[in-house]
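Commentary on secondary and tertiary structure
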Amino acid sequence: MLLLTAACSSTPAAPPPATPSPSTSSAAPTSTTPTVDLSSLRHGTIPAKYPEPDLSGLPPKPADSAPLRERIAWEALEKVTRFANRVDPGARSSCPALNLGRTTTLTCTVTYLGEKYDYVLRDIKFQGTGISDGRNEQGTLSYKADLTAGPIIRDHVESVLRHQNSTEYDACDMPEHVRFAFDSTRRRPSGSSIVGQWIHVPGISCRYLDPTTRAVSTLPLELYESGAPIHPSSRIGG
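Everything numeric in this text was worked out from a predicted model, so none of it was measured. (Residues numbered from 1 in each chain as written. Predicted model: local features only at pLDDT ≥ 70, side-chain atom pairs only at ≥ 80, totals over all residues. Heavy atoms only, no water.)

Focus: the overall build of the chain
- Of regular secondary structure, the chain possesses 3 helices and 11 strands.
- Beginning at the N terminus, the succession of helices and strands in the chain can be written as α-β-α-β-β-β-β-β-α-β-β-β-β-β.
- Residue burial in the chain is summarised as follows: out of 238 residues, 32% are buried.
- Restricting to contacts in the chain with at least 6 residues of sequence separation, those with at least 24 account for 56%.
- A total accessible area of about 15,000 Å² is found for the chain, and carbon and sulfur atoms account for 53% of it. (Helix = DSSP H or I, 4+ residues; strand = E, 2+ residues; numbered from the N terminus. Buried < 20%, exposed > 50% of the residue type's maximum accessible area, 1.4 Å probe, protein only. Contact = heavy atoms within 4.5 Å. Areas by Shrake-Rupley, 256 points an atom, 1.4 Å probe, with all protein chains shown as cover.)

Some thoughts on the state of the cysteines
- Enumeration according to the criterion identifies 2 disulfides in this entry.
- Put simply, C95 and C108 are joined by a disulfide, and their sulfur atoms are 2.0 Å apart. Its torsion about the S-S bond being 115 degrees, the disulfide of C95 and C108 is classed as right-handed. Highlighted residues: C95 in the loop between β2 (92-94) and β3 (106-112) and C108 in strand β3, separated in sequence by 13 residues. Taken as a pair, C95 and C108 share a single burial class, namely buried.
- Here C172 is linked by a disulfide to C206, with a sulfur-sulfur distance of 2.0 Å. On the S-S bond that ties C172 to C206, the torsion sits near 105 degrees, and the link is right-handed. Of this pair, C172 sits in strand β7 (residues 169-172) while C206 sits in strand β10 (residues 197-209), placing them 34 residues apart in sequence. In terms of burial, C172 and C206 fall into one category: buried.
- Of note for the chain: the bonded cysteines, numbered N- to C-terminal, pair according to 1-2, 3-4. (Disulfide = S-S within 2.5 Å.)

As for the nonpolar core
- Grouped together as the largest cluster of nonpolar side chains are 41 residues, with contacts concentrated most on Y112, I152 and L221.
- Going through the elements one at a time, α2 (68-84), β3, β4 (115-132), β6 (149-153), α3 (154-165), β8 (177-181), β10 and β11 (216-224) are the ones with two or more residues in this core.
- Apart from residues no more than four positions distant in its own chain, I152 is found in contact with F83, V157, M174, E176, H177, V178, F180, V201, L221 and L223. (Core = buried A, V, L, I, M, F, W, Y, C linked by side-chain atoms within 4.5 Å.)

Topic: α3
- In a regular helix each residue adds 1.5 Å, so 12 residues correspond to 16 Å; α3 covers 16 Å between its end C-alpha atoms and thus fits that length.
- The buried fraction of α3 is high, at 10 of 12 residues.
- Count one or two residues on from α3 and you reach S166, which has phi positive near 50 degrees. (Expected span 1.5 Å × (residues − 1).)

A closer look at the confidence of the model for the chain
- Across the chain, pLDDT averages 80, with 74% of residues at or above 70.
- Overall, residues 1-15 carries pLDDT values under 50, and its contacts beyond four positions in sequence, including any with other chains, amount to 0 contacts. (pLDDT = per-residue confidence, 0-100.)

Some thoughts on the packing of aromatic side chains
- Inspection of the entire model under this criterion finds 2 aromatic pairs.
- Pairing F83 with F182 gives two aromatic rings, centres 5.5 Å apart and planes at 55 degrees, and the pair type is tilted. With F83 in helix α2 and F182 in the loop between β8 and β9 (187-189), this pair connects stretches of sequence that are 99 residues apart.
- Site record: aromatic cluster; members linked through ring pairs are F83, F180 and F182.
- Positioned above the aromatic ring of Y117 is the side chain of R179, whose terminal nitrogen or guanidinium carbon lies 5.5 Å from the ring centre. (Phe/Tyr/Trp six-rings, centres within 6.5 Å; stacked < 30°, edge-to-face > 60°. Lys NZ or Arg CZ within 6 Å of the ring centre and 35° of its normal.)

Digging into the pairing of β6
- Counting buried positions along β6 yields 5 of 5 residues, so the element is predominantly enclosed.
- Residues A149, P151 and I153 line one face of β6 and the alternating positions G150 and I152 line the opposite face, and both faces are buried.
- Alignment of β6 against β8, held across 5 bridges, turns out to be antiparallel. Each residue of the ladder has a partner; that of G150, found in β8, is F180. (Pairing = 2+ DSSP bridges.)

Here we look at α2
- Taking 1.5 Å per residue, 17 residues should reach 24 Å; α2 reaches 25 Å between its end C-alpha atoms and fits that length.
- Here α2 has its buried residues at I72, A73, W74, A76, L77, E78, V80, T81, F83 and A84.
- A positive backbone phi angle near 65 degrees is found at N85, which sits one or two residues after α2.

Structure representation (structure tokens):
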């Protein structure tokens, strides 16, 4: 009994496990997802379909019996409006008189959102039939026509980019609309199966939020000749 008592008294009992104090408790886990600053982007609904131009607000197309200059003036207005993908109710267009058989070039002018756009007809050729109503001879008119500049509408560009990239957030660094003059140095061959050329718009870039990576990507503004931003799959870079 004495040995047992001595052994018990020389071996102290183990202390209970220490309880962590509130000041030493482990911190709550934090998210590793980076915070994205969306203040420089504009929010919009992702279009379910590609944003096609609504040209229903254009003036009625002149009848075939209307004066030729009126029909070409409407054609010029339609070309500018289709490039912009938006109708300007206050837009106006006019063409000078056309002397069939003598006039080979002609410049019509469209006023759209306060800016002037030239629609130039070249290689004008008239093939008469010899039949006349006493004032005008019947025949076939052929020509090549091009815009020398086009209106770029920011809202439309951003809407297309939202659709193409499936994102609600994007922004293009440009005013609400820009008059953009075309020239050969701003064009490049298409890198896709789509016939036509790209139009590179220097000085304007667009940003969008990638919905998967939550990162903001930047890309230069490049358009098809129709005025629509090129699809990401068609880019060849540069």
